[in-house]
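Spelled out, the chains give:
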Amino acid sequence: KQDNMGQILDLILEKKVTSDTQLTAALEFVKANPVNPDQSRLEEACGVGVVITAEQIKTAVAAKVEANLAQIKTQRYRYNTGPMMGQIKKDLKWADGSLIKTEIDSTIAGILGARTEADNKPIEKVKQKQPKQKPDEKKTAVAVAEEEPQEISFAGFHKVGENYTTEGYVITPHTMRLLKEHLERTNGTVMTRFPPEPNGILHIGHAKAININFGFAKAFGGKCYLRYDDTNPEKEEEKFFTSILEMVRWLGYEPFKITHSSDRFQELFDFAVQMIKSGHAYVCHQTADELKGFDVKPSPWRDRPIEESLSLFDDMKHGKIDEGAATLRMKCVLEEGKVDPVAYRIKFVAHHRTGNDWCIYPTYDYTHCICDSLEDISHSLCTKEFQTRRSSYYWLCNILEIYCPVQWEYGRLNIGYNIMSKRKIAKLIAEGLVADYDDPRLFTLTALRRRGFPPQAINTFVKKCGLTGAQTQLDPEMLEACVRDELNVTAERVMAVLDPLEVEVVGSEEALPCTVTVPNIPGQDEGPTHSVSLNKSFFIDNSDFRESADKDYRRLALNQTVGLKHVGLVATVADVERGSAGTVTKVKVKLTKLAAGNKPKAFIQWVCDGVAAEVRDYSRLFFHKCPEDPEQVPGGFLSDVNPDSLKVYDALVEARLAGSTVYTSYQFERIGFYTVDQDTTGSRLVFNNTVSLREDSGKK
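What counts, and where the lines are drawn
- Residues numbered from 1 in each chain as written.
- Predicted model: local features only at pLDDT ≥ 70, side-chain atom pairs only at ≥ 80, totals over all residues.
- Heavy atoms only, no water.
- Helix = DSSP H or I, 4+ residues; strand = E, 2+ residues; numbered from the N terminus.
- Rg over C-alpha atoms; globule rule 2.2 N^0.38 Å.
- Buried < 20%, exposed > 50% of the residue type's maximum accessible area, 1.4 Å probe, protein only.
- Areas by Shrake-Rupley, 256 points an atom, 1.4 Å probe, with all protein chains shown as cover.
- Lys, Arg positive; Asp, Glu negative; His and termini not counted.
- Charge placed at Lys NZ, Arg CZ, Asp CG, Glu CD.
- Phe/Tyr/Trp six-rings, centres within 6.5 Å; stacked < 30°, edge-to-face > 60°.
- 1 Å grid on protein atoms, 1.4 Å probe; cavity = no way out; pocket = protein on both sides within 12 Å on 5 of 7 lines; lining within 4 Å.
- Points joined across faces, edges and corners; volume = space filled by probe spheres on them.
- Nonpolar A, V, L, I, M, F, W, Y, C, P; charged D, E, K, R; others polar.
- Contact = heavy atoms within 4.5 Å.
- Polar contact = N/O pair within 3.5 Å; in protein donor to acceptor, adjacent residues only side chain to side chain.
- Pairing = 2+ DSSP bridges.
- Axes fitted to C-alpha atoms, helices over the stretch in contact; angles between N-to-C directions.
- Core = buried A, V, L, I, M, F, W, Y, C linked by side-chain atoms within 4.5 Å.
- Salt bridge = Lys/Arg side-chain N within 4 Å of Asp/Glu carboxyl O.
- pLDDT = per-residue confidence, 0-100.

1. Focus: the overall build of the chain
Across its full length, the chain carries 21 helices and 28 strands. Scaling as 2.2 N^0.38, a compact globule of 700 residues should have a C-alpha radius of gyration of about 27 Å, whereas the chain reaches 36 Å, well beyond that. The dimensions of the chain, computed from C-alpha atoms along their principal axes, are 105 × 95 × 45 Å. Taken across its 700 residues, the chain has 47% of its residues classed as buried. On the chain, roughly 35,100 Å² of surface is accessible, and the fraction owed to carbon and sulfur atoms is 50%. The chain carries 89 positive and 99 negative side-chain charges, and their two centres are separated by 5 Å.

Structure (structure tokens):
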């Protein structure tokens, strides 16, 4: 690149490049032809030798002024000459812009004459009144929800095949040939990959990675691989492979191909041998403890003979060296200062796919860039912590003389009041603080699905977060708001009481039982409906009754009426029955028809002839936003667990919910959104609280 700049500098010194336009064109040519650009083509590209005379400029300006004369005379000196200048520059590419501007100004002045006082007056801006929106023009919640959520902005990424235009990308004598071959193989298609390690359950941060990798490919008509980075056989389990694919599909994406890093074990080994032969890798005997951290002593084996490293690497492959007694290291330095990262280590562990074929396994640092290259990935999108490995990524592809993708980094997504670490979640499970990886209090994707978070809401949340390089730790309320917006227009309304209190009707103006038809979702007038029936015995929630009402309490009390939702009846307490402890066990009421003179302060839900259900309510798992921060939680994250994060109710719900399928979501009126849990059986309904409703000032 320095030689290329020298060519441009020579053109400037020789006064062959004399304008900003020529200089810009020269730089663009060198950028597109970074390796040994042809001198004659460079000069042609930046207009060397092309002379635009003053007469040519005068003729071009006269023609454009004549074509716009009527508008110029009307607008006078307020006429915008910018578009005219742009058109002339397009026709006379190498003309001096200042000369064009001077000619335009003088030509127009010759036609209009001197500026008048009116020409110099500022234009008065007239504010246009916006027409008032009619009630029927307002968007309903349904219409808003059906609008396509804004997509993630992917501005600033390089075009396929133009990897060399990216800042920091390393160009070698082989680069342009390899890029040309890459374009021929892919036909210019955007290729991305989502490369999870199959040693744990995906979490909300992975939802961002899935949306970015699959979303980027989708936005540009490309393809996205699901590649399992299965290079650590000790921690990989089949359930993780299954769960990862299940979650990708749950979020609405389908991989172009499903691949495994282990598919490439032989190729990866062959490349390692090539590295040793070229002097870029060596076998080292420093222990794992000696290699920890950044202040690592230089390896005494770094300069050992190539043949010796080849022989030892072959011994490693055939199990002749003990585990931990040797590694293969690459001769490079990471941005963070780590010297000679490990490429291969010995593990006498069977692999889930290759069995006992191998006892040496490649590291992620070594594997992922080679697999990216072999899969012709155009944009290698990864989280910010891999920025320190970008130079080694390029170095490895280049010393192997294989196609080199571009690595782009984005900020991780973290949610407060929770943890994402697989190891720490496993500790929570071992301590009995959560049930499993899909415990609804966690932010793994399986847990969020179980809790009832719709995949559309998770995708919307990720899109709202956008594609940034900043690390983000967001409050769960932002995600919950997206969930609430989605369920508000999709979840059927039902009535439920979490803490049932029996009510007996001792008098009613309305004949009982009475039945009314209710829309499944308010506002969807032409949508499906259901019926609710009220008879002389029903249940309300214990929290909706007090013996005495103060000024802020709006529901049923001995001295206060309340309305019953949907049926248009108002309940007045006639008497109560008490248990042995003196607490109210039954309320006896009289019902009157709702009228202008007896409008109550509030309306409450009720359940008649309902079915029993176990309802699980959840709150934050941790007290602090950053439970792993030793300054906030000096006792460690286990000490910060909220012991009351799960509450279980023996509730009653409408009878029509019997037989509901797992993951079906409902809105329990006045309470919140709930989802049928996988523990549900034919004889036992179980619901998980998904999110609360928005704060309701009427529920007091």
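There's more to say after this.
2. A short note on the packing of aromatic side chains
Tallying each qualifying case throughout the model produces 22 aromatic pairs. Seen in terms of ring centroids, F265 and Y361 are 5.9 Å apart; in terms of plane orientation they differ by 65°. Their pairing is edge-to-face. A residue pair is termed long-range when its members are at least 10 positions apart, and F265 in helix α13 (residues 265-277) and Y361 in strand β7 (residues 360-362) qualify at 96 residues. Classification of F265 by relative accessible area gives buried; the value is 3%. On the basis of relative accessible area, Y361 is assigned to the buried category, the value being 0%.

3. Digging into empty space enclosed by the protein
Under the counting rule described, the total for this entry stands at 1 cavity of 30 Å³ or more. Size it by volume and the largest cavity reaches roughly 30 Å³. If you trace the largest cavity, you find it lined by V503, F538, I540, L556, V562, L564, A571, V589 and I604. Taken together, the residues of the lining of the largest cavity sort by class into 9 nonpolar, no polar and no charged.

4. Here's the deal with helix α20 (residues 455-465)
Since one α-helical turn is 3.6 residues long, residues separated by three or four positions face the same way. Of all 11 residues making up α20, 9 are buried, and the element is well covered by its neighbours. Three or more residues of α20 are buried, namely P455, A457, I458, N459, T460, F461, V462, K463 and C465. On its buried side, α20 packs onto α11 (204-219), α12 (238-250), β10 (413-415), α19 (445-451), β11 (472-474) and α21 (476-488).

5. A short note on the side chain of Q560
Take Q560: it is sitting in the loop between β19 (556-557) and β20 (562-564). A polar atom in the side chain of Q560 sits 3.4 Å from the side chain of K601. Setting aside residues no more than four positions away along its own chain, Q560 makes contact with A549, Y553, R554, R555 and K601.

6. Considering the sheet that holds strand β2 (residues 223-228)
Taken in spatial order, the 3 strands of this open sheet run β1-β2-β3, and their pairing is parallel. Looking at strand neighbours, the two that pair on one side only are β1 (191-194) and β3 (258-260), the edges of this open sheet. Each strand of the sheet is rotated relative to its neighbour by a mean of 35°, with strand direction disregarded. Running over the sheet, α11 touches β1 and β2 and is turned about 160° from β1.

7. Regarding the nonpolar core
F194, I204, I210, I458 and F461 are the most contacted members of the largest nonpolar core, which has 48 residues in total. Elements with a minimum of two residues in this core: α11, β2, α12, β10, α19, α20 and α21. In terms of residues, this core owes the most to one element, α11, which gives 8 residues. Setting aside chain neighbours within four positions, we find I458 in contact with I204, A207, W250, L251, L448, F453 and L479. Counting residues in hydrophobic clusters, the runner-up holds 42 residues, among them V283, C332, C369 and L396.

8. Quick notes on the pattern of salt bridges
A complete count under the given rule lists 43 salt bridges for this structure. For the salt bridge of R193 with D372, the shortest nitrogen-to-oxygen distance reads 2.8 Å. Placement of the pair is R193 in strand β1 and D372 in helix α16 (residues 364-374), with a sequence separation of 179 residues. K586 serves as the salt-bridge partner of E504, at 3.2 Å between the closest nitrogen and oxygen.

9. Some details on the sheet that holds strand β22 (residues 584-593)
Across the sheet, 6 strands lie side by side as β17-β14-β22-β21-β20-β23; this open sheet has mixed pairing. If you trace the sheet from one side to the other, it starts and ends with β17 (537-541) and β23 (603-604), each paired once. With 6 bridges joining them, strand β14 (residues 500-508) and β22 adopt parallel strand pairing. Counterpart to S508 in the pairing with β22 is L591.

10. Side note on the confidence of the model for the chain
Summary statistics for the chain give a mean pLDDT of 91 and a share of 94% for residues scoring 70 or more. In the predicted structure, residues 132-149 sits below a pLDDT of 50 and forms 10 contacts with residues beyond four places in sequence or in another chain.

11. Describing the environment of D340
Mapped onto the elements, D340 comes out in the loop between β5 (327-330) and β6 (342-346). Take D340: its relative accessible area is 3%, and that puts it in the buried class. Spatially, the C-alpha atoms of D340 and Y282 are 9.5 Å apart, while their sequence positions differ by 58 residues. Non-local contacts of D340, meaning those with residues more than four positions away in its chain, are made with Y282, R302, R329, M330, K331 and C332. Among the polar contacts made by the side chain of D340, one reaches the side chain of R302 at a distance of 2.7 Å.

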